[in-house]
Structures are given as structure tokens and as C-alpha cells.
Amino acid sequence: MSTTDTPPALAASQAAPDELEVVRVSVPKRSLASELRAIRIVWRRELMRYANDRLRMVTTLVQPLLFLFVLGSGLQRLASAGTHGVSLRTFIYPGILCIAVMFTAMFSAASIVWDREFGFLREMMVAPVRRSSIVIGKCLGGATVAGIQGVIVLCLAGLVNVPYDPALLLGVFGLQLLLAFSITAFGVMVAIRIKQMQSFMGVMQMIVTPMFFISGALFPANGLPGWLTVLNRIDPLTYAVDPMRRLVFSHLNISAAAKRALDPGVTWWGWHVPAVLEGAVIVALGLVMLAIAIWEFSATE
Amino acid sequence: MTKALSNVQRQVSATSEDNHRGAGTPGAAISVQGLVKRFGELEAVRGVDFEVATGEVFGFLGPNGAGKTTTINMLCTLAKPTAGAASVAGHDVVRERDDVRRHIGLVFQDPTLDGYLTAAQNLKLHAELYGVQSDLVAPRMRQVMTMVGLWERRDAPVATFSGGMRRRLEIARGLMHSPRVLFLDEPTIGLDPQTRRSIWSYIRELKQREEITIFMTTHYMDEAEWCDRIAIMDNGKIVALDAPEALKAQVGKDRVTIDTDDDDAAIAALSDRFGIEAKVAEGRVTFGVPAGEEFVPRLFAELGMPIRSVSVSRPTLDDVFMAYTGTTIRDREEDSSKHRNRVMMQMMHGGRR
């Protein structure tokens, strides 16, 4: 190690002082273009780190796949009476498409805590760019990474008897991106307040697991006990799982009875919430959380 | 050396025009008036005034907890002053925060590199964040990385770098956007002597090549010697500010120690011939004269008795620190860490009530 540590260039530059040409650059005044450039590089950094971290690609997939194949196959016999001949795996697949994205998005948001612990956050905070550019770049980066992870799960559609229909794939991917963005914004909002990785993981565990179980990813969201219905309707993930399921089921060749039982849709006081509104809820929540995250981040010294 | 000096002077005159906009003396790279920072009860910086000329290497010397880092944070727009004003590169640190940031480079005490990325990716990221012209990013990167001897390692992940290499890379990164003022907060802390020396070579080389003012903090006395001027900070105040040599001259005389066969006779002779009052310390004759090295030939010629050995030592910055604060820097650090613990205990106590 000590041999690589001795700087060789000093001797070299003394030997040939003219070789090292001075390149003078300048930093322009802040503009929209420079902010966009900052957003782009923060976004790209998330992708570079994702590309370098093969282990993360695998580890964040383990849990969703466990739910899909182990739980889905294991409970099949118990559930077969109620699923009208539809495989339980097919039923929970839309939910799995959502949680694969959610887990990755939360992980991406954790990078803000890492950056703080390892000091890199400071490098970004002192740059002559708006704090909002950094937060937006982070959210877009996390969303992209989560979207890619979602695509991996999407590729498994054939294994659970979901057809590879281009319209279906595009629709699912679009929903995944919306969800990924909102969840990352949520994670970043939480991460900005937390200084240590361990606490962040604890908080995430406390939030993510209930959100996932309550969302209806594993069961239809009608006919639940009253308290659970209330929780289900205020869980943001519900509004991602439901349109996802509706989209997938519209491309399945199953009986009307099965569709009614398994894909009842989300209702507000008896009113059937349309998919477009559900998507809008996800986006609106994402934007609100992004705004809070930006506000929090700008307030830190 | 003369060539380098004229180079610096030329650069000084070239940049001074840019600086007229800001507060303070025209041409000053940094100008600080009555700067104060309070953290609740604790007054970390208590009214600091100084100016740093363009092209200068200016050092902030003092024990840990003296307020050096707090001052640097205010100058870098990372902390808002409680009172007072400061301008850096001609821009006010509070009102023109972004303009200050565009013109300064920062190297922090704690590492701020992304270990997962390569050295080149870290620098590229910095250039993008600062909006450096795209076509100049690659050549500038080559220049700064060659300077710190890391060009060959540009594609290696930073996680594989040693502490010294990381610090050098941080310096290179701080220079990526051609800052007018480079802030180095304890750039050599925790490094081995060899790496410390090489970092100082870069700083001197940099001063010759680019129009840059360097502001640094250190608590290594020997490093402060490299600065053009140093400010000694103690308990949130500047207690002395001058060139290292001038500071040492203010403290006084060189110390001359001689070995003779007859110490009493030597002391008498010194008093007779030179009017010097000498005394025996640690078994040797010791006395102070303003210019020790020039005095030695006269001593041999005129003392009139054999001298077995002679040693001349200059006052060190330790002596300077001692003269201004009445304590050594090491003792002061122990005191202030005790004080910090006490404050912390009080805070915890107060929080419980």
C-alpha cells in the first residue's frame, strides 16, 4: 500500500513543468440550465451506484419473489375455493409488482442517509445549485432504479399466467414509475430527518411492512372488517395496487364471477374510485412529499 | 523562485479588477469584519477581523475548539454569522451566497468523496454540479489529477484509496472549477509526514501556477511556517496576525547555547565584551540575541576563550503561541476538551430537567 501512496507526479511535473498545462475554467451564474444539469448528474449518480451494486439488485428481489412463489403456491390449496379457478399467484402478482418497486424505492431513498454518514452529502450541499435540484435528482434517480427493478418482476409475468401484451406491459410500467417516484419522495422525506442508517432501516421496517400488508396486495379490498377497510383506504399503496390489478385482470381470460370476487375495486363510501383518480392520488401524494422533502432539505444548514 | 514570485504578482494585478464589487479593501480575496458566531450560550467566534490578499497563502492556527472551523464554515456560506460581515472573492457571504460558492473550492476535515464511484467519476460529478463548461471538464480533470499524482488511478474506485490518496483527490476535486479561493480545513490532519509534505508541495505548486488564494486551518505548528501569513486563534479570537517570521521576531531573540570549560568565566566574558546577560541552564551557558547566526562568528572571534560547541535555535511558533496565550497549544487542547465535556454535561443535565 505504501508504494502506491507515494505521489509520483510531483517529481514528474518538476522534470517537465511545461507539460502540465493550466486549464482555466469558470463557473457560470445559476440558471435553469445549470439546475437541470445538476438534477441530471444527481440522477445519473444513483444509476451508476445501482449498476455497481449487483448484490442490491438481487437482495431487493428476494422478498417479493418469496411472497409470490412461496406464499402464493403454499396458500393455493387453502384459497382455491375462493379464487374461482384463478391461481393465487396470478392474483397477488399485481401486488408483487408494486411491492418490488416499493422496496427498491425505499432503499434508494436510504442513500441520502448513507451520503450523510459518509460525508458526500456535504459535497452536494455546498455546490452552487438549489437544494431542490438535489432532492429532485435523488427522487428521479430512485424512481428510475425502482422502475428497472420493477421491470425484472414484470418479466416474470409468463410464470404466473399473465400474457406479455404490449399495452399491459406499458401500462404496468407507467404505474410502476409513478409509484416509484412517490415512494422515493416519501423515503427521501423521512431520510432527510434521520442521521443514522440503522435508525432509517428501523423506521422503514415500521412503515413499509404495514403499508404492504394493509394495501390489499395479498387480498381483495372489499368485505374487510371496518377498521381494516379504513386503514386500507388511507394506505397510499392501495391506490397503486388496485389500478395495477385492474390492468392485469383486464388482460386475463377469466370468468366474470372471478373478476368480481378478486378485483372488486376500491370504493369511497360506496363510490367506485376510477383508476385515473387513483393514479392522480399517487402522483399528488408524491408531489406533496417531494415538496416537504425540499423544504426540509433547504432548512438544514 | 524569483520567476515564481513575479508570476504571482502578475496574477494579483490581473484579478484585482474583479474584486472591486465586494465590500472591504479592493483586491482582498477575503475580508472579514467583526464576525461572530454563537451556538446558544456558546460563543464559538467572538468578533474576528482580518483581510487576506489575493494570491496569499493564509493560515489559521490554533488548538481544536478555538473556532477555526466555525470561521471557515461562515466564510464558505455553510453557517450564517450571528453578527458581523464577510466577503469572499468580492461577494458577501450572506447576501451573495451562490456567487461566493461559485468562486470557492472546499476541502473539509472529514472525507466527502463517494467511495462507490471512481476518482474520475467523483471529479466529473463535481464539475457537473458546478456547471463547468463541458468541453473543458476532461482537460481540467487531467491537470488537477496529474498535479496530485492520481491521474494513473483515475478509473479506480475511491473505496480502494488510502487516506492520503483520498485527501489528495479531495484537493484535486476542490480545484476542478478553478476556484479563486481554496479553503482547506486541516488538509493534512491524520496523514503521515511524507503525505503531509507532498500536500504542501501541491499547495506551493498551485500558488505558482494559478490565480488562487489559499485559506487553511491547521494545528500543526510546523505547517504554519509555510503560510505567507498566519492568524493565531484562541478561544474564538485572533490573538496575533502576521508573517510567521515576523511573529517569531516579535517574540524576541534567538537562543544561543554554548559549552565551555569554565562557565562562570564565559558568563563574565559575555557580560564584559557584549553586554549580554547569560545564565546556566541545564548545565550549559544560555543567552538570547536578536540574530543568533550572525552573532556566532563574533562570539568565536571576541570571547577570548575556547568554546567546545555552540547551538543556535530560533523561536518557534510554539514560543509565539505561548507568548500570546500563556499556554502551549497542546495544553490548550486538553483544557478546551475538558470545557466541552463540561458544557455537554450541563446541556444534558438541563435537558433532563
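Residues numbered from 1 in each chain as written. Chains lettered and ligands numbered in written order. Predicted model: local features only at pLDDT ≥ 70, side-chain atom pairs only at ≥ 80, totals over all residues.

## Some details on the overall build of chain B
To keep it simple, the criterion reads: Where helices and strands are cited, they refer to DSSP runs of H or I of at least four residues and of E of at least two residues respectively, numbered from the N terminus. It is the C-beta atoms, placed from the backbone, that decide contacts: two residues are in contact if theirs lie within 7 Å.
Summing up its helical and strand segments, chain B has 13 helices and 14 strands in all. Taking the intrachain contacts of chain B between residues at least 6 apart in sequence as the baseline, contacts between residues at least 24 apart amount to 71%.

## Section: the pairing of strand 9 (residues 229-234) of chain B
Residues and elements named next belong to chain B. Selection rule: The burial label depends on the number of other C-beta atoms within 10 Å of a residue's C-beta. Counts of 20 or more mean buried, 12 or fewer mean exposed, and intermediate counts mean partly exposed, with C-beta atoms placed from the backbone. When DSSP finds at least two bridges between two strands, those strands are taken to pair.
Burial runs high along strand 9: 5 of the 6 residues are buried. Where strand 3 (residues 57-61) meets strand 9, 4 bridges bridge the pair, whose relative direction is parallel. Following the sheet pairing, Phe60 is matched in strand 9 by Ala231. Taken together, the 5 bridges between strand 9 and strand 10 (residues 237-242) define a ladder with antiparallel strand orientation. Residue pairing in the sheet places Ile230 in a bridge with Asp242 of strand 10. Two successive antiparallel strands, strand 9 and strand 10, enclose a turn made up of 2 residues, where Asn235 displays a positive phi of approximately 50 degrees.

## Some points on the interface of chain B and chain A
Accessible area lost upon the coming together of the parts serves often as the stated size of an interface. In plain terms, the rule: Think of it as three bins: nonpolar holds Ala, Val, Leu, Ile, Met, Phe, Trp, Tyr, Cys and Pro, charged holds Asp, Glu, Lys and Arg, and polar takes everything else, Gly as well.
On the chain A side, the residues contacting the 45 residues of chain B number 37 residues. Mapped onto the side of chain B that touches chain A, the elements with two or more residues apiece are helix 3 (97-103), helix 4 (119-130), helix 5 (134-147), helix 6 (163-175) and helix 7 (193-209) of chain B. With 6 residues, the top contributor of residues to the side of chain B that touches chain A is helix 5 of chain B. Tallied by class, the residues present in the side of chain B that touches chain A amount to 19 nonpolar, 16 polar and 10 charged.

## A short note on unusual backbone geometry
In the Ramachandran plot, Asn161(A) falls in the positive-phi region, its phi being about 65 degrees despite a non-glycine side chain. Relative to the helices and strands, Asn161(A) is located in the loop between helix 8 (131-154) and helix 9 (166-193). Of note, Asn235(B) is a non-glycine position whose phi angle comes to about 50 degrees, a positive value. Turning to its location among the elements, Asn235(B) is positioned in the loop between strand 9 and strand 10. On the basis of neighbour counts, which here come to 19 C-beta atoms within 10 Å, the residue Asn235(B) falls in the partly exposed class.

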